[in-house]
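# Observations on chain architecture
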There are 4 protein chains.
Amino acid sequence: MKIKVGVLGATGMVGQRFIQFLAEHPMFELTTLAASERSAGKKYSEATNWYLDVEMPEKVRDLIVTTTDPKNKEFEDVDIVFSALPSDLAKKLEPEFAKEGKLVFSNASAYRMEEDVPLVIPEVNADHLELIEIQRKKRGWDGAIITNPNCSTICAVITLKPIMDKFGLESVFIATLQAVSGAGYNGVPSMAILDNLIPYIKNEEEKMQTESLKLLGTLKDGKVEFANFKLSASCNRVPVIDGHTECIFVKTKEEAEPEEIKEAMDKFDPLKDLNLPTYAKPIVIKEESDRPQPRLDRNIGNGMSIVVGRIRKDPIFTVKYVALEHNTIRGAAGASILNAEYFVKKYL
Amino acid sequence: MKIKVGVLGATGMVGQRFIQFLAEHPMFELTTLAASERSAGKKYSEATNWYLDVEMPEKVRDLIVTTTDPKNKEFEDVDIVFSALPSDLAKKLEPEFAKEGKLVFSNASAYRMEEDVPLVIPEVNADHLELIEIQRKKRGWDGAIITNPNCSTICAVITLKPIMDKFGLESVFIATLQAVSGAGYNGVPSMAILDNLIPYIKNEEEKMQTESLKLLGTLKDGKVEFANFKLSASCNRVPVIDGHTECIFVKTKEEAEPEEIKEAMDKFDPLKDLNLPTYAKPIVIKEESDRPQPRLDRNIGNGMSIVVGRIRKDPIFTVKYVALEHNTIRGAAGASILNAEYFVKKYL
Amino acid sequence: MKIKVGVLGATGMVGQRFIQFLAEHPMFELTTLAASERSAGKKYSEATNWYLDVEMPEKVRDLIVTTTDPKNKEFEDVDIVFSALPSDLAKKLEPEFAKEGKLVFSNASAYRMEEDVPLVIPEVNADHLELIEIQRKKRGWDGAIITNPNCSTICAVITLKPIMDKFGLESVFIATLQAVSGAGYNGVPSMAILDNLIPYIKNEEEKMQTESLKLLGTLKDGKVEFANFKLSASCNRVPVIDGHTECIFVKTKEEAEPEEIKEAMDKFDPLKDLNLPTYAKPIVIKEESDRPQPRLDRNIGNGMSIVVGRIRKDPIFTVKYVALEHNTIRGAAGASILNAEYFVKKYL
Amino acid sequence: MKIKVGVLGATGMVGQRFIQFLAEHPMFELTTLAASERSAGKKYSEATNWYLDVEMPEKVRDLIVTTTDPKNKEFEDVDIVFSALPSDLAKKLEPEFAKEGKLVFSNASAYRMEEDVPLVIPEVNADHLELIEIQRKKRGWDGAIITNPNCSTICAVITLKPIMDKFGLESVFIATLQAVSGAGYNGVPSMAILDNLIPYIKNEEEKMQTESLKLLGTLKDGKVEFANFKLSASCNRVPVIDGHTECIFVKTKEEAEPEEIKEAMDKFDPLKDLNLPTYAKPIVIKEESDRPQPRLDRNIGNGMSIVVGRIRKDPIFTVKYVALEHNTIRGAAGASILNAEYFVKKYL
């Protein structure tokens, strides 16, 4: 028996990625699509300007979009909702769903840094999911909110985890080259980015610098002790449709050769035995000198693998490398879905 | 009386920038254009596929292109040649011109790191020009070779110089986002870069990591003592026509606040009293949170200013900021011409 | 004594082009900038996100933006307003300015096809300006509304005019490849156009198909008799910043060789003796087989020339060729200003 | 038993598409990859810079590349070769393979217009394949050369065929907006096309104007009588990776409403009962006002369907519409393979 699920913010770009991955999902049955008043009452195919270059799944075309109210009858049998809401709406609406007993797997930033809200990449810190007991107790909810990090954070942290485990982390510099899809469909006007780039993404550096420490932190006595290393980011928007690229410079606690770092990354595959449907090898290493490249490599592992290349000795720190992530899959919808798959396997 | 000058490699992209800046130059009279056998004997307008979005100067249209042989009569009265030759040809040909008594101002990398060859940004290390005495003695030349650095190096070093002078330099990380024009007209196929980026530029990181130390080094007893700090670069090609952007993280020797760094950069204007025709304020600071941007800012100071923005406290090092350079002007042709202007004012 | 002028819709993309051209204009003194309530009361430099790659003119930086109300004191001494308003606002506001005695030179489409409103390209149908007598009488205005056509229409019609005059016109097919700037700064999201094109621009084909006939029509007894030929357009948006390209197939009434068409275009220079400041040769012909190209040719004649190339025999009609126009200069702000310059020279 | 096949020009862009489609083909077994001397002797994965965003098929990675000599032992058991050779090499080499008894399905233009060489789109003129009897007799070959048209021709002709069949054709104007992949990997430098387009593609208009008439012509007494209509094309290169878009204006012999044209196109499915593996519905119609778009629609039918939209009344001719084709699949490799599949089904 599949678990019935819904999507909040179903018409937007991340919402569409949720639908792409959930329409034929072996564990979940997608029954409910919610969006703003403007879309509610319409067939999904009429309410939505479908942006993806894969066809809209037949299954959702005629589904009637409902509003983001957990009391709507369309949510009655739904156990899990995936949230692709903008942060301000997420702030208001996600608790309402949790109160009604829903498990909210959220891609929004609103609750990520709350003490009692798990911020999870299952390959990295699945044990943080235990925070939901505290969350439920504290907030009196039957449901819960479980978040995944910002897209650029996920990319970096997945590659940092095996390094930290083996050699310890001291300092990390990251410069990002981020795709326009990360800003939403209307986020970056073409006038702003053709023959151009923008060396600034609002709040992005702050998110990377704080979320990373929580993700790589340790759960102790019902609290996350933040990891004890430093991260500094400089974020850029570039004219690429999908795929965030990150230049990462790492100083480890113990000495490490590039070959050792590469081996640690390559072996990193903590959930391979769980058979999670959306899981792919978390890190795929490319040997060519000029890879990864977003257009060529973003779909590796169905968009769920971080593709790493150019692992080389750093003249100042220990190592430098380049990492690539499909930002609306591994960095957004796929991240929430993987969280839900893991949660269901482990706790339900 | 203007000094007669020629351009080697006159039909390529940097060659065209040389011509754009030299056609109406107050100190130089452009008399000689040299290129490969294939172009020689033709009118410049027929030999050249003019790439720039400014018109080809009327003056050079009918000039007959000659070969890159210093004994050609077209070079007879020429005192200075500007070299936009590819590195392998530069290696062979530039000494031949120097031997014939020409001053070769070269944008090629072939001789940059030779002990007796000045590698110069006039705002940074004009005194290194004195190396040519040693060069002439050692090589028995009447002329000389004077080089300017790689485009990405110039961008970084101009911004690092006022910081080093005031606060000392310890470590510098740089991630670059470089324009396609840096690879030459045919260097980056559109298939390689549309909806894409390439996180690798051959030899670029090495050039940045070594040239910087020579440029910021000290001339002592006829030798350059390399500067004593470390630099690590990660270089990327992005779909931008002109304009290299660099994300720079700096650790100074002494403590410094972002405001102090900004002030040091803003005041940096060492040659302003020399009235060099191609000179512009070397660093222009933008206050907007999302600048500099290549399409909007690359032409500031006629393409000769480095535009700096986002000077902010770094969580690990002292400061981080973003710098932008017009790579084929400040980073190539304009750099050689400024070297020549300075040399003429000071030494001739 | 310069005529005092204002700009309506001063903060938008066409508004900025108006300012670029009017800040140092020999006939006009730019005194008043009007925009929405949101911008009113602020300095122009604070109210505006300046999009152009030329610097904001010093002169307007501190000008306080006012609202689009002709009774504001800032409009008191203003004789001419240039309108870059969106069509719905233009519909409502332009008559209010005309009523208050202002000459409104409008780039908006709202009144273009009104019987008593001149739709003018001065090189093509300057005599249609006489319609304003009828307009004033009919509407009881002291001022008047004078419009210029849609950007794509201007490009085509300027090239068709000399052909019609010499050989007559029967049928014209046009396929356009239009720049994103034509849709306004936020008009085309980057997600919509990177590695893509959109074969549709709302109302554009209709505008081209009707405006052309009015422009090339004949003023008779106070009415424009529409030109008697047919035009069919297919319009596309392409990832180009500025510069509309048009593939034009023409059937003339009388036989004509490509060389004759070229000669007619090249000689077409009807206003050259008027010394209008914004005037440039209306048609510039490129001989290279692969020109015109938007990035290389859009600024010819300061963006006021239509650049034509590939004039060749058509296997079905008489001739085919390619035309290029800087759409926000010749196709928008520059068009209105040239109308005003002509009007002032002829009628004031 | 599968038929053994080889690919000539296997390392280039069209060669790679051949491999993508042939690696797991139900009728063909890909055994032989041939390329230039430079690649011969190497493993395919080492000889090739793989450009596609799908992974290189495991199967070909270790295949040793051979030279394009039909006497090589690697060609011994091969019955069919697919040619992705450049035109000049095709001219020389394809006859050598035909002489050796191979069926050469060629994407090259060298022999397309030869009287005894079939130029075939199987949905359009499969009967022209009978020309090979004449070809063999005349040239004394055991094998044969069978060609498919130029990419832009295929797109247009597939949409014209059902119109011609039902209403007759009189005149056709076409303006193309063609992807950069059509010029080969190195064909269009990024410097030439970023923020730009090129209104010229060498020989493209001529190919469209002649090939169309042969394709839509009638085989009579061993000769193709060319179709009796006129076509005029204007071809443009635009910054799109894959996907040629064509704006088509058609004058039919008999009157036809847009709805009737649409119906004729939609019903056009002549080979649906043959179960050819690469076959997809040849024309897919999109109802949205702004489609087809290359990035969103090029992969419909696995890249084998022409996607048509905006079928509307033309003010001069009968109808105008927009057609889109995946140029390296339907317009190149897929076209040759479909020819081969059809040939095998019908004649072997």
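Just so you know, these numbers come straight off a predicted model, no measurement behind them.

## With respect to the packing of helix 1 (residues 13–22) of chain A against helix 12 (residues 329–347) of chain A
Residue and element names in this part refer to chain A. One can describe the packing of helix 1 onto helix 12 by two numbers: an axis separation of 9 Å at closest approach and a directional angle of 55 degrees. With respect to helix 12, the axis of helix 1 lies oblique. Handedness of the helix 1/helix 12 crossing: right-handed. Two secondary-structure elements touch here, helix 1 through Val14, Arg17, Phe18, Phe21 and Leu22 and helix 12 through Ile329, Ala332, Ala333, Ser336 and Ile337. Split into classes, the residues belonging to the contact of helix 1 with helix 12 amount to 8 nonpolar, 1 polar and 1 charged.

## Section: the relation of the copies chain A and chain B
Aligned on chain B, chain A shows an RMSD of 0.0 Å; the corresponding rotation is 180 degrees and the shift along the axis is 0.0 Å. In symmetry terms, the pair is related by a two-fold rotation axis. Mapped onto chain B, 100% of the interface residues of chain A again fall at the interface, so both copies present the same surface.

## Re the UniProt feature "domain: Semialdehyde dehydrogenase NAD-binding" (unreviewed entry) in chain A
Mapped onto this structure's residue numbering, the UniProt feature "domain: Semialdehyde dehydrogenase NAD-binding" (unreviewed entry) falls at residues 4–132 of chain A. Within residues 4–132 of chain A, the helical portion is 29% and the strand portion 18%, while the C-alpha atoms at the span's ends are 21 Å from each other.

## Quick notes on the domain arrangement of chain A
Much of the literature gives interface size as the accessible area that the parts lose upon coming together. Residues and elements named next belong to chain A. Once the domains are mapped, chain A shows domain 1 (3–148 + 332–347) and domain 2 (151–325). Computed from C-alpha coordinates alone, the two centres of domain 1 and domain 2 are separated by 24 Å. Taken together, the 33 residues of domain 1 in the interface contact 33 residues of domain 2. Counting every contact that joins domain 1 to domain 2 gives 3 salt bridges. As a salt-bridge pair, Glu115 and Lys223 come within 3.6 Å of each other at their nearest N and O atoms. Joining domain 1 to domain 2, the criterion identifies 9 residue pairs in polar contact (both at pLDDT 80 or more). Only helix 1, helix 5 (122–125), helix 6 (131–139) and helix 12 provide two or more residues apiece to the side of domain 1 that touches domain 2. No other element matches helix 12, which puts 7 residues into the side of domain 1 that touches domain 2. Classifying every residue of the side of domain 1 that touches domain 2 by side-chain character gives 18 nonpolar, 6 polar and 9 charged.

## Quick notes on the sheet that holds strand 14 (residues 319–325) of chain C
Through backbone hydrogen bonds, the strands of a sheet pair up, either in parallel or in antiparallel fashion. All names here are of chain C. Strand order in this open sheet of 6 strands is 10-7-11-14-13-12, and the pairing throughout is mixed. Both outer strands of the open sheet, strand 10 (230–237) and strand 12 (283–285), are each paired with one neighbouring strand and no more. Pairwise comparison of adjacent strand axes, ignoring direction, gives a mean angle of 25 degrees for this sheet. Sheet analysis places strand 7 (residues 169–178) next to strand 10, joined by 8 bridges and oriented parallel. By the bridge assignment, Ala175 is partnered in strand 10 with Ser234. Across the sheet, helix 7 (residues 151–167) touches strand 7, strand 10, strand 11 (244–252), strand 12, strand 13 (306–313) and strand 14, and the angle it forms with strand 11 is around 25 degrees. Most of the contacts of helix 9 (residues 204–215) go to strand 10, to which it runs at about 150 degrees, and overall it touches strand 7, strand 10 and strand 11.

Conventions used here
- Residues numbered from 1 in each chain as written.
- Chains lettered and ligands numbered in written order.
- Predicted model: local features only at pLDDT ≥ 70, side-chain atom pairs only at ≥ 80, totals over all residues.
- Heavy atoms only, no water.
- Axes fitted to C-alpha atoms, helices over the stretch in contact; angles between N-to-C directions.
- Helix = DSSP H or I, 4+ residues; strand = E, 2+ residues; numbered from the N terminus.
- Parallel < 35°, antiparallel > 145°, perpendicular 65-115°, else oblique.
- Left-handed = near helix turned anticlockwise from the far one by under 90°.
- Contact = heavy atoms within 4.5 Å.
- Nonpolar A, V, L, I, M, F, W, Y, C, P; charged D, E, K, R; others polar.
- Least-squares fit on C-alpha atoms with pLDDT ≥ 70 in both.
- UniProt positions renumbered as here; feature names shortened; annotations may be inferred.
- Domains from an automatic or database assignment.
- Salt bridge = Lys/Arg side-chain N within 4 Å of Asp/Glu carboxyl O.
- Polar contact = N/O pair within 3.5 Å; in protein donor to acceptor, adjacent residues only side chain to side chain.
- Pairing = 2+ DSSP bridges.

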